[in-house]
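Structural overview for review
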Amino acid sequence: VSAAPPHDWPADIHAALKAAEVRQVAYVPDAGHARLIKLCAGDNTMRMVPLTTEEEGVALAAGAWLGGERSVLLMQSSGVGNCINMLSLIATCRFPFLTIVTMRGEFGEFNPWQVPMGTATPGALELAQVIVHRASEPTRVGDTVAGAARLAFSSYAAVAVLLSQQLIGAKTFGK
Amino acid sequence: MSRANTLSRRAVVAALLADRGDLLVVAGLGAPNWDATAAGDNPLTFPLWGAMGSAAMVGLGLALAQPKRHVLVLTGDGEMLMGLGSLASIGVQRPANLAVAVLDNEAYGETGMQATHTAHGVDLAAIATGCGFQRSETIREMAQVEALRARLTARQGPLFAQIKIAADAPPLVMPPRDGALLKHRFRAALLGPDAALA
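Residues numbered from 1 in each chain as written. Chains lettered and ligands numbered in written order. Predicted model: local features only at pLDDT ≥ 70, side-chain atom pairs only at ≥ 80, totals over all residues. Heavy atoms only, no water.

**Remarks on the overall build of chain B**
Assigned secondary structure in chain B consists of 8 helices and 8 strands. Against the 2.2 N^0.38 benchmark of 16 Å for 198 residues, chain B shows a C-alpha radius of gyration of 16 Å, consistent with a compact globule. In terms of overall dimensions, chain B has a C-alpha envelope of 50 × 35 × 30 Å along the principal axes. For chain B, with 198 residues in total, the buried portion stands at 58%. For chain B, the exposed area adds up to about 7,600 Å²; of that, 56% sits on carbon and sulfur atoms. One way to put it: in chain B the 17 positive side-chain charges average out to a point 6 Å from where the 16 negative ones average out. (Helix = DSSP H or I, 4+ residues; strand = E, 2+ residues; numbered from the N terminus. Rg over C-alpha atoms; globule rule 2.2 N^0.38 Å. Buried < 20%, exposed > 50% of the residue type's maximum accessible area, 1.4 Å probe, protein only. Areas by Shrake-Rupley, 256 points an atom, 1.4 Å probe, with all protein chains shown as cover. Lys, Arg positive; Asp, Glu negative; His and termini not counted. Charge placed at Lys NZ, Arg CZ, Asp CG, Glu CD.)

This is the structure we're talking about:
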């Protein structure tokens with residue numbers, strides 16, 4: 001009896017973003033987002049917007065919505081700290097905002113430098129008036145992102161989906 | 001300061017926004033916001049009251065979403081310095097319909113006129129060139145402003161202009177402050193009344 005193949009949750013995220021008609025995919029790369037970034041880059045309905053720092057993606061989301069398009073920001077938990085003041089743009093103008101955050105600094109972390117921001121990530125987002133959802137089970141990721149996208153774009157909310165480190169696996173540095 | 005800058009910020013912005021037609025404008029926080037409003041409050045201007053460092057990226061998101069329209073980001077040197085990385089991100093996308101014009105008085109005008117990095121010679125136009133802008137220039141004369149105005153709708157972007165202006169402080173002329181109102185009126189003017197049903 002062979003084990004079931006791992007559930008392809010990045011494909012589920014891509015499908016959810018496509019169904020939500022997301023057109024601008026802003027990102028600072030993370031290993032946990034690598035497959036999703038590749039899937040979005042291969043989708044000619046999505047434009048990839050690599051950023052130098054995560055808060056650029058918050059501002060991009062505002063501009064995209066002003067122009068009638070939907071966007072998503074893909075980042076690692078360490079990037080959340082870079083976004084805090086820029087999120088005032090989202091809150092005060094009530095722009096829809098969707099971000100998918102791969103978690104570091106939690107379950108099984110090897111690098112202590114990731115722990116402070118990883119620990120602060122959910123609270124920091126909530127203090128900045130972002131609704132936080134978390135996905136830890138591979139089979140629930142797609143639904144969680146689809147629900148978050150609907151909440152963001154139909155209810156004009158700021159929503160983050162945190163992808164648990166249990167889901168994406170801890171980086172081991174070969175140790 | 002390297003040499004006397006004589007251009008009037010209000011005259012520069014009035015020239016850039018004269019007969020603006022369907023030009024889409026993002027105005028950075030502080031004086032560029034007041035300058036754009038002094039040229040005529042307009043629903044197709046999105047004036048920022050905060051989120052310092054965001055103006056160029058708001059312009060990029062808008063330019064990508066509206067490739068058939070022309071987008072002008074009007075901001076200050078302090079605001080642009082806070083979002084320098086966004087010039088690199090714009091350089092990757094290279095939207096032909098985007099222009100970024102920095103009103104450079106070499107000072108933080110809202111906080112007591114402390115010198116910005118541009119007062120010490122930091123060359124924003126050179127940075128934009130290095131980031132891959134199609135055209136980037138430093139402007140010191142009104143004739144150059146007029147030439148920039150003509151290029152705003154020529155789809156030759158991304159364009160960058162560092163406009164050296166006098167460090168004066170004309171009277172405040174303020175647009176509405178309610179961000180949700182500013183967003184709604186912009187979308188209604190650009191996308192039509194059904195934008196509220198999106």
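After that view, the rundown keeps rolling.
**Regarding helix α2 (residues 34-41) of chain A**
Residue and element names in this part refer to chain A. All buried positions along α2 are accounted for by Leu36, Ile37 and Cys40. Relative to the axis of α2, the buried residues are bounded by an arc of 100° and lie together on one face. Next to the buried residues of α2 lie α1 (9-19), β1 (22-27), β2 (47-50) and β3 (70-76). (Arc of directions from axis to C-beta. Contact = heavy atoms within 4.5 Å.)

**Some words on a nonpolar patch on the surface**
Together, B:Trp49, B:Leu172 and B:Met174 line one region of the surface with nonpolar side chains, adding up to about 310 Å² of accessible area. Looking at the element boundaries, B:Met174 is found in the loop between β8 (159-164) and α8 (179-191). (Patch = residues over 30% accessible without salt bridge, like charges linked within 9 Å, V, L, I, M, F, W, Y side chains within 5 Å. Salt bridge = Lys/Arg side-chain N within 4 Å of Asp/Glu carboxyl O.)

**Structural notes on helix α7 (residues 141-155) of chain A**
Residue and element names in this part refer to chain A. Spanning 15 residues, α7 covers 20 Å between terminal C-alpha atoms, matching the ideal 21 Å at 1.5 Å per step. Those residues of α7 not exposed but buried are Val141, Gly142, Thr144, Val145, Ala148, Ala149, Ala152 and Phe153. Seen from one end, α7 has its buried residues packed into an arc of 165°, which puts them on one side. Pointing more than 90 degrees away from the buried face of α7 are the exposed residues Asp143 and Arg150. (Expected span 1.5 Å × (residues − 1).)

**A look at the pattern of salt bridges**
Residues and elements named next belong to chain B. Overall, the coordinates contain 12 salt bridges over all chains when judged by the stated rule. Of the charged contacts, one joins Glu137 and Arg135 as a salt bridge, the two residues approaching to 3.9 Å between their closest N and O atoms. Judged by its relative accessible area of 14%, Glu137 is buried. Residue Arg151 is joined to Glu137 by a salt bridge in which the shortest nitrogen-to-oxygen separation is 2.5 Å.

**Concerning the interface of chain A and chain B**
In this assembly, 27 residues from chain A lie in contact with 30 residues from chain B. Between chain A and chain B lies a buried interface of about 2,200 Å² when both sides are counted; carbon and sulfur atoms form 61% of it. Linking chain A with chain B are 0 salt bridges. One can count 11 residue pairs in polar contact (both at pLDDT 80 or more) joining chain A with chain B. Counting residues per element, the ones that place at least two in the side of chain A that touches chain B are β2, α3 (55-66) and α5 (87-93) of chain A. The biggest single contributor to the side of chain A that touches chain B is α3(A), with 8 residues. Of the residues that constitute the side of chain A that touches chain B, the class distribution is 15 nonpolar, 8 polar and 4 charged. (Buried area = accessible area lost by both parts, 1.4 Å probe. Polar contact = N/O pair within 3.5 Å; in protein donor to acceptor, adjacent residues only side chain to side chain. Nonpolar A, V, L, I, M, F, W, Y, C, P; charged D, E, K, R; others polar.)

The quantities given are spatial measurements derived from coordinates; they are silent on function.
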